[in-house]
Every structure is written in structure tokens, then in C-alpha cells.
Amino acid sequence: MWHAHPCLITCTRDYRNELIAAECEALTGGRPNAWGIANGSTDQVLDGAFVKQGVQVLARADGLEQLVSRVAELGLHQDEFRIEWLAAGGPEDRRVATTAIADQIQGRPNLNDPEHRFLLVAEAGGMAFGSVVVEASRDYRKHDRKPCHTPSSLPLRLARCLVNLVPRDVESIADPCCGTGSILLEAAAIGLQARGGDWNPRMVAMSRQNPDRISTPSVTRFSSAVPTHVMGLT
Ligand SMILES: C[S@@+](CC[C@H](N)C(=O)[O-])C[C@H]1O[C@@H](n2cnc3c(N)ncnc32)[C@H](O)[C@@H]1O
């Protein structure tokens, strides 16, 4: 199967960021290494905030020469392709390596507007070549046009990352300090029922201007000592 598990997953590269690692693990089952590469499932890459691509590995080798002959054996035919490069500690030169691999593919490259992307990974212990089968849709960007933002609104990419940490068997979430509703928007975008409250009526009014598939937030004062359902959070 084309989307077989495990595939290579690529993430925004920042190995110090536990949040990115946690998102990758939640969405794909794999933890990224220092280069932002994990082995995992591609099924939920589409929703990713910092998870970027799912790649079906087509060939692996100890070095470039061996990889070139393995890719040649695949007999790939692909028009309008681009080979992307991920330097992960390997010694190879980007231009030399991508050109050598591109020469083994029958078809026209298109670097500016490719119909298909391949990924070439140069690691210290070897190289991998694969086909990008899914990319994160980055659909949280469309919420940049949400009606209201304040300096305290969570950036939408961060909000998407946070809701991606919600276990997949959970159906609804509540944000008791919803502000202008970034979390609510992103939760709804990945199919969660989202409820919100905020003690500031101005915030609630702004959050209510978001698309109406999100439950109308209410003015609610959250106290950590009182469960939100007791407070009538809707
Ligand atoms: C950082 S903003 C929230 C960001 C928001 N979760 C989002 O998705 O963009 C913090 C919000 O918490 C609200 N807040 C702070 N303390 C609260 C409390 N005890 N009960 C309810 N809301 C509270 C503030 O009015 C503010 O709108």
C-alpha cells in the first residue's frame, strides 16, 4: 500500500522544541530526531502544524553511489518532479546528490511548480530517497482572517499544534479561557466539538464572531477549584 506504515515524517527542525516532538508523536506515532525526521504513520499529517510531510521511502543506501544505482533499478517515470533535499548530518553536496538522483528518473523536472515531490535525505549513517505522499494542508492559515485578534490571541499555528495533542478518541474539548477563540477554531477544524468561555465579555463577543459552527462561547469566570461543567460553560 502506498501509504504503508512506517513512512518518513518530516517536521519543522528544532530538536529542542518538545512541543513539536509531542505533536509529531501524537499525529504519527513517531518522535522526530535532531533533524526533524521521524518514522511514523502518514494518516494524520494533513492536520499538522509543525509536522510537514509524509514520505514513502523508495530506496535506502550507505552512500550516494549505492543510492543512485538503487534508484536506477526502480525505473521511475515521473514528469514535472522536484527533488527536495534534507541535510541530516551526511557529507554529500546538495547539488551533486540531487542531480545524480534526478538523472535516474525518466521525465521532466519542474523546480518551480512541481506536480510531484521527492525527498532526498542525507544522514550521517546513509541516505534515503522517497516520494512525498502527503503534506500538511496548513489550513490553519485561513483563520488568519478571523474577525478579531488581540495581542493575547494564541497564534493559530500554535493553537493547531495544541489541539493536535488531544487524543484521537476524544470528541469534544472546552477552553475556559477562550479569548478570541484560536483554540476553538482549530479544534473545530480537526473535527472536535469545541466549547468556550471567558470572564471578559469583550473576548466572548469577539470569539462569537468566528464561524458559527463553533458553539457560542459564554461569559464564564474560570476557577481552578471549580470544575467547568459546574460553572455552566457552554
Ligand atoms: C491568552 S488569552 C487566551 C487565548 C485563547 N485560549 C486562544 O485560543 O486564543 C487568556 C484569556 O483568559 C481569560 N481569563 C483569564 N483568567 C480567567 C478566568 N479566571 N476565567 C475565565 N477567563 C479568564 C482572559 O480574559 C483572556 O481572554
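Not measured: the values here are computed from a predicted model.

Reading guide: rules and limits
Residues numbered from 1 in each chain as written. Predicted model: local features only at pLDDT ≥ 70, side-chain atom pairs only at ≥ 80, totals over all residues. Helix = DSSP H or I, 4+ residues; strand = E, 2+ residues; numbered from the N terminus. Buried ≥ 20, exposed ≤ 12 C-beta atoms within 10 Å, placed from the backbone. Contact = placed C-beta atoms within 7 Å. Pairing = 2+ DSSP bridges. Axes fitted to C-alpha atoms, helices over the stretch in contact; angles between N-to-C directions. Parallel < 35°, antiparallel > 145°, perpendicular 65-115°, else oblique. Left-handed = near helix turned anticlockwise from the far one by under 90°. Nonpolar A, V, L, I, M, F, W, Y, C, P; charged D, E, K, R; others polar. Core = buried A, V, L, I, M, F, W, Y, C linked by C-beta atoms within 7 Å. Domains from an automatic or database assignment. pLDDT = per-residue confidence, 0-100.

Draft legend 1. Focus on the overall build of the protein chain. The helix and strand tally for the protein chain stands at 6 helices and 9 strands. Residue burial in the protein chain is summarised as follows: out of 234 residues, 38% are buried. Taking as baseline every contact in the protein chain between residues at least 6 positions apart, the subset at least 24 positions apart corresponds to 63%.

Draft legend 2. Quick peek at the sheet that holds strand β4 (residues 81-88). Here 6 strands make up an open sheet; going across it, the order is β2-β1-β3-β6-β5-β4 and the pairing mixed. With one partner strand each, in any of the chains shown, β2 (37-40) and β4 form the two edges of the open sheet. Pairs of neighbouring strands in the sheet enclose a mean axial angle of 35°, with direction left out of account. Sheet topology places strand β5 (residues 116-123) next to strand β6 (residues 126-135); 6 bridges connect them, and they run antiparallel. The residue bridging glutamate 123 from the neighbouring strand is glycine 126, located in β6. Contacting β4, β5 and β6, helix α3 (residues 94-102) runs over the sheet at an angle of about 140° to β4.

Draft legend 3. View of unusual backbone geometry. Of note, glutamate 80 is a non-glycine position whose phi angle comes to about 55°, a positive value. Relative to the helices and strands, glutamate 80 resides in the loop between α2 (64-74) and β4. Backbone geometry places arginine 138, a non-glycine residue, at a positive phi of 55°.

Draft legend 4. Inspection of the packing of helix α4 (residues 156-163) against helix α5 (residues 182-189) at higher detail. Put simply, α4 and α5 touch, their axes get as near as 8 Å, and they point 55° apart. Classed by the angle they form, the pair α4 and α5 counts as oblique. As α4 runs across α5, the sense of the crossing is right-handed. In contact with Leu156, Ala159, Arg160, Leu162 and Val163 of α4, α5 contributes Ser182, Ile183, Glu186 and Ala187. Among the residues forming the contact of α4 with α5, the class breakdown is 6 nonpolar, 1 polar and 2 charged.

Draft legend 5. Region of the structure containing the environment of arginine 108. Counting through the fold element by element, arginine 108 comes out in the loop between α3 and β5. Residues arginine 108 and histidine 77, 31 residues apart in the sequence, show an inter-C-alpha distance of 9.3 Å.

Draft legend 6. Layout of the packing of α2 against α3. Two numbers describe how α2 lies on α3: the axes approach to 9 Å, and their chain directions differ by 20°. Considering their axes alone, α2 and α3 lie roughly parallel with respect to each other. The crossing of α2 and α3 is right-handed. Of the residues in α3, those touching α2 at Leu64, Val68 and Val71 are Ala97, Ala100 and Ile101. Looking at side-chain class alone, the contact of α2 with α3 contains 6 nonpolar, no polar and no charged residues.

Draft legend 7. Local environment of the nonpolar core. In this structure, Ile9, Cys24, Val51, Leu120, Val121, Phe129 and Ile183 are the most contacted members of the largest nonpolar core, which totals 51 residues. For this core, the element with the most residues is α5, which contributes 6 residues. Residue contributions to this core reach at least three from each of two domains, namely domain 1 (7-135) and domain 2 (139-219). When near neighbours in sequence (up to four residues on either side) are disregarded, leucine 120 contacts Ile83, Trp85, Ala97, Thr98, Ile101 and Phe129.

Draft legend 8. Just the confidence of the model for the protein chain, in detail. Residue-level pLDDT values for the protein chain average 89, and 88% of them are 70 or greater. Considering only residues more than four positions removed or in separate chains, one finds that residues 1-5, a stretch of pLDDT under 50, has 5 contacts. Scored below 50 in pLDDT, residues 225-232 makes 6 contacts in the model with residues more than four places away or belonging to other chains.

Draft legend 9. Region of interest: the environment of glutamine 209. Its location among the elements puts glutamine 209 in the loop between α6 (201-207) and β9 (218-219). Distance in space between the C-alpha atoms of glutamine 209 and lysine 146 is 8.2 Å, their sequence separation being 63 residues. Ignoring anything within four residues of it in the chain, the contact list for glutamine 209 reads Pro147 and Cys148.

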